[in-house]
Amino acid sequence: MISMNKWLVALAVGAALSVTACGDSEEQSAVTKAAGKQEKVVAKKGSETAEAKAENQQEIVVYSSRKEHLIKPFFEQFTKETGIPVIYITDAAAPLISRLKAEGERSPADILMTVDAGNLWQATQEGVLQPLESEVLEANIPESLQDPDNEWFGLTVRARTIVYSKERVQPDELTTYEALGDEQWQGRLCLRTSKKVYNQSLVAMLIARHGEEKAQQIVEGWVANLATDPFSNDTKVMKAIEAGACDVGIVNTYYFGRLEKDNPEIPLALFWPNQQTTGVHVNVSGAGITKHSSNVENATKLLEWLSSAEAQQMYAGLNMEYPANPEIKPVPEVEAWGSFKADDMNLSKAGELQPQAVKVMDRAGYK
Ligand code: FE
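Quick caveat, the model's predicted, so the values are computed rather than measured.

**Q** Looking at this structure, I do not really get the overall build of the protein chain. What am I missing?
**A** Within the protein chain, the secondary structure is distributed over 16 helices and ten strands. Looking at the protein chain residue by residue over its 367 residues, the buried ones come to 50%.

**Q** Help me understand the nonpolar core, please; the structure alone is not making it clear to me.
**A** Soluble, globular proteins show a tendency: their nonpolar side chains are buried together. Formed by 99 residues in total, the largest nonpolar core has its most connected members in Val86, Ile111, Leu112, Val163, Val203 and Val219. Ranked by the residues each element gives to this core, the list is headed by helix α8 (residues 197–210), at eight residues. Taken domain by domain, this core gets at least three of its residues from each of domain 1 (2–157 + 284–327) and domain 2 (158–281 + 347–363). In this structure, leucine 112 is in contact with Tyr63, Leu96, Leu100, Ala123, Val128, Leu129, Ala287, Gly288 and Thr290, ignoring residues within four places of it in sequence.

**Q** Could you clarify how one ought to interpret helix α4 (residues 68–82) in this entry?
**A** A turn of α-helix holds 3.6 residues, and therefore any two residues three or four places apart point the same way. End to end, α4 covers 20 Å across 15 residues, agreeing with the expected 21 Å (1.5 Å per residue, within 8%). Turning to α4, its buried residues are Leu70, Ile71, Phe75 and Phe78. Each buried residue of α4 sits inside an arc of 100° when the element is viewed along its axis, so together they form one side. α4 presents His69, Glu76 and Lys80 as exposed residues on the side facing more than 90 degrees away from its buried surface. In this structure, the buried residues of α4 make contact with β1 (60–64), β2 (86–90), β3 (111–115), α12 (296–306) and α13 (309–318). Looking one or two residues beyond α4, the residue adopting positive phi is glycine 83, at roughly 80°.

**Q** I tried to follow the packing of helix α9 (residues 212–225) against helix α16 (residues 354–363) on my own but got confused; where do I start?
**A** Geometrically, a packed helix pair is captured by the angle between its two axes and the distance between the axes. For the pair α9 and α16, interaxial distance at closest approach is 9 Å and the crossing angle is 45°. It follows that α9 is oblique to α16 by the angle criterion. Relative to α16, the crossing made by α9 is right-handed. Side by side, α9 and α16 meet where Glu212, Ala215, Gln216 and Val219 of the first sit next to Gln356, Val360, Met361 and Arg363 of the second. When grouped by side-chain class, the residues that make up the contact of α9 with α16 number four nonpolar, two polar and two charged.

**Q** Can you help me understand the pairing of β3 in this one?
**A** Most of β3 sits out of view: five of its five residues are buried. Here β3 shows two buried faces, one formed by Ile111, Met113 and Val115 and the other by Leu112 and Thr114. One ladder, built from three bridges, connects β1 with β3; its direction is parallel. Pairing of tyrosine 63 across the sheet is with leucine 112, part of β3. Across five bridges, β3 lies against strand β9 (residues 281–290) in antiparallel orientation. Directly across from valine 115, in β9, lies its bridge partner serine 285.

**Q** Can you help me understand α13 in this one?
**A** If you check which residues of α13 are buried, you get Ala311, Gln312, Tyr315 and Ala316. Buried residues in α13, looked at end-on, bunch into an arc of 110°, giving them a common side. Tucked into the core, α13 has its buried residues touching α4, β5 (153–165), α12 and β10 (322–323). One or two residues past the end of α13 sits methionine 320, with phi positive at roughly 50°.

**Q** Explain the packing of helix α6 (residues 117–125) against α8 here, please?
**A** Between α6 and α8, the least distance of the axes is 8 Å, while the angle of their chain directions is 90°. When the axes of α6 and α8 are compared, the pair comes out roughly perpendicular. Mapping the contact onto sequence places Ala117, Gly118 and Asn119 in α6 and Val197, Gln200 and Ser201 in α8. Partitioned by chemical class, the residues of the contact of α6 with α8 number two nonpolar, four polar and no charged.

**Q** Looking at this structure, I do not really get unusual backbone geometry. What am I missing?
**A** In terms of backbone geometry, most residues other than glycine have negative phi values and most peptide bonds are trans. If you check the backbone angles, asparagine 150 has positive phi at about 60° while not being a glycine. You can see asparagine 150 is positioned in the loop between α7 (135–140) and β5. The phi dihedral of methionine 320 falls on the positive side, at around 50°, and the residue is not glycine. Topologically, methionine 320 is positioned in the loop between α13 and β10. For methionine 320, a count of 23 C-beta atoms within 10 Å gives the class buried.

**Q** Just to check I follow, could you spell out the environment of valine 219 for this structure?
**A** Mapped onto the elements of the fold, valine 219 is located in helix α9. Separated by 147 residues in the primary sequence, valine 219 and tyrosine 366 place their C-alpha atoms 7.4 Å from one another. Once residues lying within four places of it in the same chain are set aside, the contact partners of valine 219 are Val203, Val360, Met361, Ala364 and Tyr366.

About the cut-offs
- Residues numbered from 1 in each chain as written.
- Predicted model: local features only at pLDDT ≥ 70, side-chain atom pairs only at ≥ 80, totals over all residues.
- Helix = DSSP H or I, 4+ residues; strand = E, 2+ residues; numbered from the N terminus.
- Buried ≥ 20, exposed ≤ 12 C-beta atoms within 10 Å, placed from the backbone.
- Core = buried A, V, L, I, M, F, W, Y, C linked by C-beta atoms within 7 Å.
- Domains from an automatic or database assignment.
- Contact = placed C-beta atoms within 7 Å.
- Expected span 1.5 Å × (residues − 1).
- Arc of directions from axis to C-beta.
- Axes fitted to C-alpha atoms, helices over the stretch in contact; angles between N-to-C directions.
- Parallel < 35°, antiparallel > 145°, perpendicular 65-115°, else oblique.
- Left-handed = near helix turned anticlockwise from the far one by under 90°.
- Nonpolar A, V, L, I, M, F, W, Y, C, P; charged D, E, K, R; others polar.
- Pairing = 2+ DSSP bridges.

If you want it as structure tokens, here you go:
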């Protein structure tokens, strides 16, 4: 019966899926895709036999803002190994969090899976997650990539770093995020919109390191150096650099990986900034157990499995990310970008300081 009830709620609330635009994201965003998923959910439910339903009482329901192709293979593998079915619904992070809130105790969800510590922090603030005690996750995932109250754990890591034109920039001209505000880069910088949580997290970390006033000066420097209005996504930033509209930008590593995969000769390269200071800003995709999960035991098993050696390289590799488990090497294409010192400040800061980051960017005129 648990299984049935879960489904009924999932189907009922599923009618209210909303849309947000995210461009090149690895996140789910399009309503059509969410609706497609909905149909599949219905089909699957219809095909369940009574025995299957009994077996499926242990099933895990995941609300995911990661797209289907980035999660499905792992859920299938997990089910193969454990016999525990995993069902998922995809949508953008904000509507999923709203939905968990609206569903409250009736929620069928056991796990919320999303990207960026800013979103994960938002989920903790909305009270839709619960603390999770797991020795396995504690051992596999570094402290800086977990919520201090264990309401979420990072599962993959992405660096938000500097990308530059190999034709017009020498890597030794680059040093730090902060220095992208120097006069040397006037009219040469391209950025993604400040509305994207990735940039809010980056600026939040600048505030954590420098304080609000200094962080605002840094951002003002960036804005003064912009070659064009901010872009809607990271890929457009890189395309603009490739086209000669600007020379440097800030992007998540996996977007660079995708372009490089399409065109190995692409005249762009990644630069690891802040190596003498704070380190490169890294962020995560991660997950937590929902506050009203009726299946904490199996949900914990799935998260533990995703942090394991077996799943980590595959999971990170599929989106050209870095494994969150430091014992596991990234895939060769990612490893080829070289190693770097990462900022090890706890990522929950990115969430905590998000409101201030939004204000700082607004005051600095960063659109
Ligand atoms: Fe993304």
